[in-house]
Amino acid sequence: MTSACRWIAFEELVPYFDYIGFMTYDFHGPWSDHSGHNAPLYASGGDSCGSVHDSYVYAHSVRKIPNRKILLGVPFYGRSFDCGGLGLPFRESRSWSYAEVMALPPADWARTWDAEAGVPWLRRRDGGMIISFDDPSS
C-alpha cells in the first residue's frame, strides 16, 4: 500500500460509496528498483513491494471496509523487464497487452509458475527478458 492511503478516512467514506476500489497491479515497473510480478496474488521470495492479498488485508482488516464494498482492480496486461529473472535490477520495463503476451512463440519463451505468488511469468530463453502477466490460472 502506498503511504497516501493512510491519509484517506475510509471508515468515514464507507457509508457513502457502493464500493471502494484498490489498484492491485503495477507492484513492479519502471519505478521499482528490481523486477517482479505485476500483480502477484501473494508476495513471494521475500519481496516487500506488495500483493493483491496485502491490499485486501489492508482494506478489510486494517481499514475495516466490508467485503461487499471492496473492489480489487486486476490487470489485463503484462509487464516486461530486461533482465534474466525476478528480483533483479533492470534498465527497461514496458507493458504488453494480453494478446501480445499470448502471441509470443513458445520456442523463444519458457513459462514458469510461481506457486508462492500464484501467478505465471515468462522468461525469454536467451535470458535477456522476463514478462510478468496474469492468465486464467492465476
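Preceding this section is the structure that the text describes.
Residues numbered from 1 in each chain as written. Predicted model: local features only at pLDDT ≥ 70, side-chain atom pairs only at ≥ 80, totals over all residues. Heavy atoms only, no water.

Caption draft 1: Spotlight on the overall build of the chain. Within the chain, the regular secondary structure consists of three helices and seven strands. Listing every helix and strand of the chain by position from the N terminus yields α-β-α-β-β-β-α-β-β-β. Here the C-alpha coordinates of the chain stretch approximately 50 × 25 × 25 Å along the principal axes. Every one of the 138 residues in the chain was classed for burial, and the buried ones make up 41%. Looking at the chain alone, contacts between residues at least 24 apart form 55% of all its contacts between residues at least 6 apart. For the chain, the centre of its 12 positive side-chain charges and the centre of its 16 negative side-chain charges are spaced 2 Å apart. (Helix = DSSP H or I, 4+ residues; strand = E, 2+ residues; numbered from the N terminus. Buried < 20%, exposed > 50% of the residue type's maximum accessible area, 1.4 Å probe, protein only. Contact = heavy atoms within 4.5 Å. Lys, Arg positive; Asp, Glu negative; His and termini not counted. Charge placed at Lys NZ, Arg CZ, Asp CG, Glu CD.)

Caption draft 2: Layout of the environment of Pro106. Assignment of secondary structure puts Pro106 in the loop between helix 3 (98-102) and strand 5 (109-114). Placed 93 residues apart in sequence, Pro106 and Leu13 show a C-alpha to C-alpha distance of 47 Å.

Caption draft 3: Local environment of the packing of aromatic side chains. For the coordinates displayed, the defined rule picks out three aromatic pairs. Aromatic side chains Tyr25 and Tyr77 sit 6.2 Å apart centroid to centroid with 85° between the ring planes, which places their arrangement in the edge-to-face category. Placement of Tyr25 in the loop between strand 1 (20-23) and helix 2 (52-62) and of Tyr77 in strand 3 (residues 77-81) is noted, with a sequence separation of 52 residues between them. Residues Phe81 and Phe90 carry aromatic rings whose centres are separated by 4.8 Å and whose planes lie at 70° to one another, so their mutual orientation is edge-to-face. With respect to class, Phe81 is no different from Phe90; both count as buried. A cation over a ring is seen here: Arg94 above Trp96, with NZ or CZ 4.0 Å from the ring centre. (Phe/Tyr/Trp six-rings, centres within 6.5 Å; stacked < 30°, edge-to-face > 60°. Lys NZ or Arg CZ within 6 Å of the ring centre and 35° of its normal.)

Caption draft 4: Looking closely at the sheet that holds strand 7 (residues 130-132). Pairing is antiparallel in the open sheet, where five strands are placed in the order 4-3-7-6-5. Two strands in the sheet have a free side with no partner beyond their single neighbour: strand 4 (93-97) and strand 5. Strand-to-strand twist of the sheet, defined as the mean angle between neighbouring strand axes without regard to direction, takes the value 25°. Note that strand 5 and strand 6 (residues 119-124) share six bridges and pair antiparallel. Along strand 6, the bridge assignment pairs Ala110 with Arg123. (Pairing = 2+ DSSP bridges. Axes fitted to C-alpha atoms, helices over the stretch in contact; angles between N-to-C directions.)

Caption draft 5: Region of the structure containing a nonpolar patch on the surface. A surface patch of nonpolar side chains, amounting to about 410 Å² of accessible area, comprises Ile8, Leu13, Tyr16 and Phe17. For Tyr16, the location among the structural elements is in the loop between helix 1 (10-13) and strand 1. Residue classification places Tyr16 among the exposed residues on the basis of a relative accessible area of 70%. (Patch = residues over 30% accessible without salt bridge, like charges linked within 9 Å, V, L, I, M, F, W, Y side chains within 5 Å. Areas by Shrake-Rupley, 256 points an atom, 1.4 Å probe, with all protein chains shown as cover. Salt bridge = Lys/Arg side-chain N within 4 Å of Asp/Glu carboxyl O.)

Caption draft 6: Inspection of unusual backbone geometry at higher detail. Its identity is not glycine, yet Asp26 carries a phi of approximately 60°, on the positive side. Mapped onto the fold, Asp26 is located in the loop between strand 1 and helix 2. Look at Lys64: it is not a glycine, yet its phi comes out positive at around 60°. Locating Lys64 in the fold gives a position in the loop between helix 2 and strand 2 (70-73).

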